[in-house]
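# Observations on the model geometry
Below, each chain spelled out in residue letters.
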Amino acid sequence: MTSYESLGGLAAGASSGLCHWLKHMKLYRVVGLMALCLLIVPFIFYQLLMSAESSVPHNDIHRSRSQLDTFEEVSPLKAADLKLRIDEMLRIKGTVSLELRDLESRRQKLQSDIGLYNQKIDELKQELARQQTELDRLKISVEQAQVAQREAVLRNTPELALPKPLYSDSLPSPVAPAGKEQRRVCKMSSCFDHSRCSLTSGFPVYLYDPDTVSVVNGGYDIDGFLRTTIKQTLGYNAHLTTDPKKACVFLVLVGEALPEHEATMKNNRYNAPQQAEGAQPEAGSVNATRLRLLPYWGGDGRNHVLLNFARREIGTGTGNMLRGTGIDTGRAMVVQSSFEESQFRAGFDLIAPPILGPPGGDVWQECAQMLPARRKYLLSFQGELSGQNGSAAGAAQGAAHDDTELDMVDEFIIEHLKEMSSGRTQDHFMLQFECVPATEQRHPTSVRDWSLCGTDNSRKSVLKESTFALLLAPTGTAVSSTLLQARLYEALRAGAIPLILGGDQVELPYAETIEWRRVVIALPKARITELHFLLRAIPDADLLTMRRQGRLVWERYLSSVQSTVDTIVASLRDRLGIPPKPVRAVVAHSVFNSSFVPLKSDPVIDAEPEESLGPIEPPYPSPAFRRNYTAALMQSREMWNDWADPFALYPQLPFDPVLPSDAKFIGSHMGFRPIGKGAGGAGKEFGESLGGNYPREQFTIVILTYEREQVLMDSLGRLYGLPYLHKVIVVWNSPKPPLEDLRWPDIGVPVHVVRAPRNSLNNRFLPFDAIETEAVLSVDDDAHLRHDEILFGFRVWREHRDRVVGFPGRFHAWDVNTLDSWNYNSNYSCELSMVLTGAAFIHKYYTYLYTYTLPQAIRDKVDEYMNCEDIAMNFLVSHVTRKPPVKVTSRWTFRCPGCPVSLSEDDTHFQERHKCINFFTKVFGYTPLLNTQYRADSILFKTRIPHDKQKCFKFI
């Protein structure tokens, strides 16, 4: 029994006895007893409490071993029960631990499943977005088909394919020779057989082989240089044919003649009968009837062109095959430099410059720089009057001839020019009217003309220091002379603006093609007294414009044998209204084998936020260009020579880069009937009614890459869903083919991987035949552009089609330290003069110009530095249009973060670009780059729209 139980028993007995005693106790005793109890009871409880505290340990949970043993000794049954309970608790603890581990594993599995399900949800969202895009495309295709159906019903005109070429299938049939009077008034309508020249024929030209057929002026052999170079240069012309049955015109080289075989020629005159079809007469002598012996002469020479080029006879002033030879040219057209008024048949014969330049190639080294605008001499002239009446001294003596009045005019002009040069003026003149030493007596002619003094180099040095070059028209009845054409050639080559005194009585070469008033100043001789005032009144800006135009005319039409021959052929073709043959495009050879199918992968949809630019008009495919056979008929000569239209700058190329018949181009430039109806102002009408003012247009992306496969794949993947994208051309510049296991993103449009002929940055601007749109977006493989940026850039380009429209702007600046060179600068600035073609829209036309007309020296410099192709394109476009590029959006750089180092990161990159600008300036003769502060942004860019007006702009 414990102490607690004994105490309980004692308390119970005491309480019963106490109650019995209290019944017999007096009241005072009760009170005293109660007081005693009140004193004793607290003491007792205090002792009991202290005893209990001493018996209980400080830790109620854990007890010592001795206490446990004592407890077991006291209550062994309860100890056993406690052990059982402890074992049970331990078992429960193990079971709970196992369950917790199982729950943890199940939780981890559930988390993994949740991650997989989230990934599947993301994939389903991407697939939903992809399917939604495809659905939108299908809806647009349905809308496009409905619009096309409505247009077809309204137009009720079937689509016609390009007609097949129609050629003549026979040789010219013999006819009776034309009479003398009929020959003298020949026109294209009366002396030319149009039946041999169909509009779809392509203007085939046949050249009589000058090595086997020699038809010459007066029975002389042809200069070997002309015979070789004419044959060679015509071989490069796309219109040349070797089948005389298909020929539209027949070219006959008849000059220039050399006198060394004169005796032999005179002793071998013959009157052979008409030769058999296809036979070639032997080389050798001819007489006045030799032309009739040509195998395809046809009796009257219709559709024949007689080429009489002057080269070695410049000093003599001759070169007119019709003067004093007795040659019957029949209905043949004559092309030469010198004509008299009675001989020249306007609109039929053609005046061509003398052959003074090289066979072909770059000619920019021959030209002078265009600056400064005003040079040392205001006016220069070196020459001596010669002809039937002798020299200028003989003219001063007043020879008694029918042209006495003309002599007096020439004498007055000479005296006035001498007086003007010796007067009190700040202008300097270089006027020389007698050659020192005196010019040898030349062969007499029926006209009096100004012969050349000195050598070509001496005249060139004077002209390069002259602002204007004086050209005095020949006296008499001459409408053109070889000497006048030679002076025009030399003046334009040296950058001296030709001033033709007597220009109202002469004809200049290719007058049907060239608007000469933009190049030369033509004055009647009666204006001689006002000449000085006129020259001083022309401002510097006009001087530079005329000088620049003159250089372009010289380079394109006069500079070489190639340019002369091509211009003659193109002028004849233009007379007949026949469209030119298309320029040869570069064949885009695939980098893959024909049997290899590259692996595809789904592109990753970029969730980067984009700026809304309004509704997108349906991406109609770019239809085939329909104006191949009407553009030349509708465009005027003013348009051909208008600087504002770069596509009309070179109308008489041997090809026409603007209208390639084998490429798909934009539809007609006519207005388009609105499709939708609305209040306007939301961009819907702009998009659907006019399609950016040019309906139904797409663009092609050209990406240049070199051994950066992953960067390229990322760039291609970002193009998925890009509106208006027609196809992507990847120019593979690396000699190594792509890896076979490389996965190409499936972006919904064709991706052509083109094998480059060699590693060159010029490959960026090759006119590939795979490019079927006018708009070309040139992009670097590491350029990172959003869709809205590309879309907006495309819309801006459609309104500035003749410019470079892009994102990264740069500028050029004069070196203020050296004061002798230009510098390239990429810093942020308030103006720009270039837009880098690493992210820019250009017209496909410029790829033709870059590849075929840009001086080869510039493309060689690009290959040398492996740099500067973008600068060269900006030079070219600004040179042609005289307009600066257009920058869109505020983006200044476009490189993607984390991409490998590119060529532009090299330390020598900027130094090379400095050198490029200065070298290109030397080639062009000036710096064509123009500065601008213009930048295009969306019309509501950063515009705060009132809340009550926002509903009106839900499309913006």
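Residues numbered from 1 in each chain as written. Predicted model: local features only at pLDDT ≥ 70, side-chain atom pairs only at ≥ 80, totals over all residues. Heavy atoms only, no water.

### Considering the overall build of the protein
- Scanning the protein from terminus to terminus reveals 24 helices and 28 strands.
- Across the protein, contacts joining residues at least 24 apart in sequence account for 80% of those joining residues at least 6 apart.
- Total accessible area computed for the protein in this model is approximately 48200 Å², and 56% of it derives from carbon and sulfur atoms. (Helix = DSSP H or I, 4+ residues; strand = E, 2+ residues; numbered from the N terminus. Contact = heavy atoms within 4.5 Å. Areas by Shrake-Rupley, 256 points an atom, 1.4 Å probe, with all protein chains shown as cover.)

### Quick notes on unusual backbone geometry
- Residue Pro-372 follows Leu-371 across a cis peptide bond; omega there is 5 degrees.
- Its location among the elements puts Pro-372 in the loop between β8 (350-351) and β9 (377-386).
- A positive phi angle, near 55 degrees, is found at Tyr-510, a position not held by glycine.
- If you trace the backbone, Tyr-510 turns up in the loop between β14 (497-501) and β15 (521-523).

### Observations regarding the state of the cysteines
- Applying the stated criterion across every chain yields a total of four disulfides.
- Here Cys-868 pairs with Cys-916 through a disulfide, and the sulfurs are 2.0 Å apart. In this structure the cystine formed by Cys-868 and Cys-916 twists about its S-S bond by roughly 85 degrees; its chirality is therefore right-handed. Linking Cys-868 in the loop between α22 (856-865) and α23 (869-881) with Cys-916 in helix α24 (residues 909-924), this pair joins segments that are 48 residues apart in sequence.
- When its relative accessible area of 0% is taken as the criterion, Cys-916 is described as buried. (Disulfide = S-S within 2.5 Å. Buried < 20%, exposed > 50% of the residue type's maximum accessible area, 1.4 Å probe, protein only.)

### As for the sheet that holds β8
- An order of β1-β3-β5-β6-β8 is seen for the five strands of this open sheet, with the pairing classed as parallel. Edge positions in the sheet fall to β1 (205-207) and β8, since each of these pairs with one other strand and no more.
- Looking at chain direction, β1 and strand β3 (residues 249-255) are connected through three bridges and run parallel. Within the sheet, the bridge partner assigned to Tyr-206 lies in β3 and is Phe-250. (Pairing = 2+ DSSP bridges.)

### Thoughts on the packing of helix α21 (residues 844-853) against α23
- Taken N-terminus to C-terminus, the directions of α21 and α23 make an angle of 105 degrees; their axes are 11 Å apart at the nearest point. Regarding the angle of α21 to α23, the classification is roughly perpendicular. Of α23, the residues touching α21 (which contributes Tyr-846, Leu-849 and Tyr-850) are Glu-869, Ala-872, Met-873, Leu-876, Val-877, Val-880 and Thr-881.
- In terms of residue class, the contact of α21 with α23 is made up of eight nonpolar, one polar and one charged. (Axes fitted to C-alpha atoms, helices over the stretch in contact; angles between N-to-C directions. Parallel < 35°, antiparallel > 145°, perpendicular 65-115°, else oblique. Nonpolar A, V, L, I, M, F, W, Y, C, P; charged D, E, K, R; others polar.)

### Concerning the sheet that holds strand β24 (residues 822-825)
- Across the sheet, which stays open at both edges, the three strands sit in the order β24-β23-β25 with antiparallel pairing between neighbours. At either margin of the open sheet sits one strand with a lone partner, and together these are β24 and β25 (834-835).
- In terms of strand pairing, strand β23 (residues 809-814) meets β25 through two bridges, oriented antiparallel. Within the sheet, the bridge partner assigned to Arg-810 lies in β25 and is Met-834.
- Where α24 meets the sheet, its contacts fall on β23, β24 and β25, and the angle it forms with β24 comes to roughly 135 degrees.

### Here's the deal with the packing of helix α11 (residues 456-463) against helix α12 (residues 482-494)
- Remark: α11 packs on α12, axes separated minimally by 9 Å, with the N-to-C direction vectors making an angle of 55 degrees. By the angle between their directions, the pair α11 and α12 is classed as oblique. The way α11 lies across α12 gives a crossing that is right-handed. For the pair formed by α11 and α12, the contact residues are Asp-456, Arg-459, Lys-460 and Leu-463 on the first element and Glu-490, Ala-491, Arg-493 and Ala-494 on the second. (Left-handed = near helix turned anticlockwise from the far one by under 90°.)

### Some remarks on α11
- Along α11, the residues classified as buried are Arg-459, Lys-460, Val-462 and Leu-463. The buried residues of α11 occupy one face: seen down the axis, they fall within an arc of 160 degrees.
- In this structure, the buried residues of α11 make contact with β9, β10 (429-432), β11 (449-452), β12 (466-472) and α12. (Arc of directions from axis to C-beta.)

### A short note on the environment of Arg-795
- Note on placement: Arg-795 falls in helix α20 (residues 787-799).
- C-alpha separation for the pair Arg-795 and Val-805, spaced ten residues apart in sequence, amounts to 9.9 Å.

### Focus: the packing of aromatic side chains
- Per the counting criterion, the structure on display carries 28 aromatic pairs.
- Taken together, the aromatic side chains of Trp-364, Phe-875, Phe-919, Phe-920 and Phe-924 make up a single cluster linked through ring pairs.
- Just above the ring of Tyr-724 sits the side chain of Arg-798; from NZ or CZ to the centre is 5.9 Å.
- Sitting over the ring of Phe-919, Lys-861 keeps its end group 4.6 Å from the ring centre. (Phe/Tyr/Trp six-rings, centres within 6.5 Å; stacked < 30°, edge-to-face > 60°. Lys NZ or Arg CZ within 6 Å of the ring centre and 35° of its normal.)

### Some details on the pattern of salt bridges
- Applying the stated criterion across every chain, the model contains 34 salt bridges.
- Taking the shortest distance from any N to any O, the salt bridge between Asp-211 and Lys-231 comes out at 3.2 Å. A residue pair is termed long-range when its members are at least 10 positions apart, and Asp-211 in the loop between β1 and β2 (221-222) and Lys-231 in helix α7 (residues 224-235) qualify at 20 residues.
- Note that Arg-302 is salt-bridged to Asp-300, the shortest N-O span being 2.7 Å. The same class applies to Arg-302 as to Asp-300, namely buried.
- Three or more residues joined by partner-sharing salt bridges are found here, namely Asp-209, Asp-211, Arg-227 and Lys-231. (Salt bridge = Lys/Arg side-chain N within 4 Å of Asp/Glu carboxyl O.)

### What about the pairing of strand β6 (residues 333-336)?
- Where burial is concerned, the two faces of β6 agree: the one with Met-333 and Val-335 and the one with Val-334 and Gln-336 are both buried.
- Across three bridges, the pairing between strand β5 (residues 304-308) and β6 is parallel. Across the sheet, the residue bridging to Leu-306 is Val-334, located in β6.
- In this sheet, β8 lies alongside β6 in parallel orientation, the contact comprising two bridges. Bridge pairing in β8 links Gln-336 to Ile-351.

### Examining the confidence of the model for the protein
- Residue-level pLDDT values for the protein average 77, and 71% of them are 70 or greater.
- Note on residues 687-693: pLDDT under 50 across the span, and 21 contacts to partners over four residues away in sequence or across chains. (pLDDT = per-residue confidence, 0-100.)

### Digging into a nonpolar patch on the surface
- Side chains of Leu-36, Leu-39, Ile-40, Phe-43, Ile-44 and Leu-48 sit close together on the surface and give an oily, nonpolar patch of about 580 Å² of accessible area.
- The exposure class assigned to Ile-40 is partly exposed, which follows from its relative accessible area of 38%. (Patch = residues over 30% accessible without salt bridge, like charges linked within 9 Å, V, L, I, M, F, W, Y side chains within 5 Å.)

### Focus: the side chain of Arg-331
- Take Arg-331: it is sitting in the loop between β5 and β6.
- A polar contact is formed between the side chain of Arg-331 and the side chain of Asp-300, at a distance of 2.4 Å.
- Setting aside its immediate chain neighbours within four residues, Arg-331 contacts Ala-176, Ala-178, Gln-182, Cys-186, Ser-190, Cys-191, Asp-300, Gly-301, Arg-302 and Phe-348. (Polar contact = N/O pair within 3.5 Å; in protein donor to acceptor, adjacent residues only side chain to side chain.)

### Looking at the pairing of β5
- Judged by how many residues are buried, β5 sits mostly within the fold: five of five residues are covered.
- With burial as the criterion, each face of β5 is covered, one bearing His-304, Leu-306 and Asn-308 and the other bearing Val-305 and Leu-307.
- Both β3 and β5 contribute to a ladder of five bridges, which runs parallel. Bridge pairing links Leu-253 to Leu-307 in β5.

### Examining the nonpolar core
- In this structure, Phe-203, Trp-516 and Ile-568 are the most contacted members of the largest nonpolar core, which totals 57 residues.
- Per-element tally for this core: the top contributor is α12, with six residues.
- Residue contributions to this core reach at least three from each of two domains, namely domain 1 (165-264 + 285-355 + 560-581) and domain 2 (364-386 + 409-559).
- Setting aside chain neighbours within four positions, we find Ile-568 in contact with Leu-307, Phe-309, Val-335, Leu-350, Ala-352 and Tyr-510.
- Met-370, Leu-836, Tyr-865 and Tyr-926 belong to the second largest nonpolar core, which has 48 residues in total. (Core = buried A, V, L, I, M, F, W, Y, C linked by side-chain atoms within 4.5 Å. Domains from an automatic or database assignment.)

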